[in-house]
Amino acid sequence: MRTPWFTLKGKGLLALKISMLTMPDIRDPEHPYSLEQLSVLSEESITVDDKLGRILITFTPTIQHCSMATVIGLCLRVKLKHCFPPHYKVDIKVSPGSHANEESVNKQLNDKERVAAALENPNLRQLVDECLYSSEL
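Thresholds, definitions, all that
- Every chain is numbered independently, its residues counted from 1 as its sequence is written.
- In view of the model being predicted, local features appear only for residues whose pLDDT reaches at least 70, and side-chain atom pairs are presented and counted only at 80 or more, with totals across whole chains, interfaces and linings using the full set of residues.
- For side-chain calculations, the full set of non-hydrogen atoms in the structure is used, while hydrogens and water are omitted.
- Here, axes are lines fitted to C-alpha atoms. For helices the fit covers the stretch in contact, and angles between N-to-C directions go from 0 to 180 degrees.
- Strands here are runs of E lasting at least two residues and helices are runs of H or I lasting at least four, both read from the DSSP assignment and numbered beginning at the N terminus.
- Orientation is classified from the angle alone, with under 35 degrees giving roughly parallel, over 145 giving roughly antiparallel, 65 to 115 giving roughly perpendicular, and any other angle giving oblique.
- Handedness of a crossing follows from how the near helix is turned relative to the far one, being left-handed for an anticlockwise turn of less than a right angle and right-handed for a clockwise one.
- Any two residues whose heavy atoms approach within 4.5 Å are treated as being in contact.
- Residues are grouped as follows: nonpolar covers Ala, Val, Leu, Ile, Met, Phe, Trp, Tyr, Cys and Pro; charged covers Asp, Glu, Lys and Arg; every other residue, Gly included, is treated as polar.
- Whether two strands pair comes down to DSSP finding at least two bridges between them.
- Here the term buried applies to any residue with accessible area under 20% of the maximum for its type, exposed to any over 50%, and partly exposed to those in between, with areas from a 1.4 Å probe on protein chains only.
- By salt bridge we mean one thing: a side-chain nitrogen of Lys or Arg within 4 Å of a carboxyl oxygen of Asp or Glu.
- Throughout, the arc means the angular range of directions from the helix axis out to the C-beta atoms.

Student: Sorry, what's going on with the packing of helix H2 (residues 69–83) against helix H3 (residues 102–109) here?
Tutor: Think of two packed helices as two axes; the pair is described by the angle between the axes and how far apart they sit. In contact at an axis separation of 10 Å, H2 and H3 are set at 30 degrees when each is read in the N-to-C sense. Judged on the interaxial angle alone, H3 and H2 are roughly parallel. At the point where H2 passes H3, the crossing takes the right-handed sense. Here H2 contributes Ala 69, Thr 70, Gly 73, Leu 74 and Arg 77 to the contact with H3, which in turn contributes Val 105, Gln 108 and Leu 109. Classifying every residue of the contact of H2 with H3 gives four nonpolar, three polar and one charged.

In structure tokens, the structure reads:
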């Protein structure tokens with residue numbers, strides 16, 4: 001069940017826009033459910049600093065050894081890239097202690113070269129696109 005929009009007033013309009021655009025329609029790579037339905041992502045895991053132009057999204061993989069954690073992070077990054085101005089710095093991280101390779105996953109998700117290389121891989125890009133756009137079909 002989605003939280004009513006008025007409970008997000010203190011987080012700012014941009015935070016509301018992020019939560020409305022990202023959570024309901026990103027499907028988990030291994031399940032037919034959205035990230036929100038699986039509690040991988042929640043409104044509380046989105047932090048926006050409008051003054052500094054920064055967005056921090058912290059997500060919690062369903063299991064500690066989730067092999068799809070980087071794919072989930074890529075989906076979030078691609079979705080935000082399409083929805084928001086490029087001047088915002090986006091950091092995407094797994095919740096502290098929620099993944100066995102937390103440091104490695106965080107490093108991969110926030111390295112521009114690694115992200116670009118991952119998205120150039122046709123199989124990986126197809127998986128990301130399926131997670132992002134499966135609900136639009």
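Student: What is the right way to look at the sheet that holds strand E3 (residues 89–94) in this model?
Tutor: For sheets, the rule is that strands pair by backbone hydrogen bonds, running either parallel or antiparallel. Spatially, the three strands line up as an open sheet ordered E1-E2-E3, and their pairing is mixed. The sheet terminates laterally at strand E1 (46–49) and E3, the two strands that pair on one side only. Mean inter-strand twist for the sheet, computed between neighbouring axes without regard to direction, equals 10 degrees. Two strands pair when backbone bridges link them, and strand E2 (residues 54–59) and E3 are joined in this way by six bridges, in the parallel orientation. Following the sheet pairing, Arg 54 is matched in E3 by Lys 89. Relative to the sheet, H3 contacts E2 and E3, its axis offset from that of E3 by approximately 155 degrees.

Student: Help me out: how do you make sense of unusual backbone geometry in this one?
Tutor: Note: most residues except glycine have negative phi, and most peptide bonds are trans. Although it is not a glycine, Ser 39 sits at a positive phi angle of roughly 60 degrees. Within the secondary structure, Ser 39 is located in the loop between helix H1 (13–22) and E1. What makes Ser 39 exposed here is its relative accessible area of 58%.

Student: Hey, could you run me through the pattern of salt bridges in this one?
Tutor: Oppositely charged side chains can pair when the atoms bearing their charge come close. Applying the stated criterion across every chain, the model contains three salt bridges. Across the pair Arg 54 and Asp 91 runs a salt bridge, and its minimum N-O distance is 2.5 Å. One end of the pair, Arg 54, is in strand E2; the other, Asp 91, is in strand E3, with 37 residues separating them in the sequence. In this structure, Lys 89 and Asp 91 form a salt bridge, with 2.9 Å as the shortest nitrogen-oxygen distance. Among the charged side chains, a network of salt bridges with common partners joins Arg 54, Lys 89 and Asp 91.

Student: Any chance you could explain the pairing of E1 here in plain terms?
Tutor: In regular strands, side chains alternate between the two faces of the sheet. What you see with E1 is a clean split: Ile 46 and Val 48 sit on the buried side and Thr 47 and Asp 49 on the side with no burial. The pairing of E1 with E2 spans four bridges and is classified as antiparallel. When the bridges of E2 are listed, Val 48 appears paired with Ile 55.

Student: Is there a simple way to explain H3 in this structure?
Tutor: Structural remark: α-helix, 3.6 residues per turn; residues separated by three or four positions point the same way. Of all the positions in H3, only Val 105, Asn 106 and Leu 109 are classed as buried. The arc that holds every buried residue of H3, seen down its axis, measures 100 degrees, which confines them to one face. Within H3, the exposed residues directed more than 90 degrees away from the buried face are Glu 103 and Lys 107. Looking at the packing, one finds that the buried side of H3 touches E2, H2, E3 and helix H4 (112–120).

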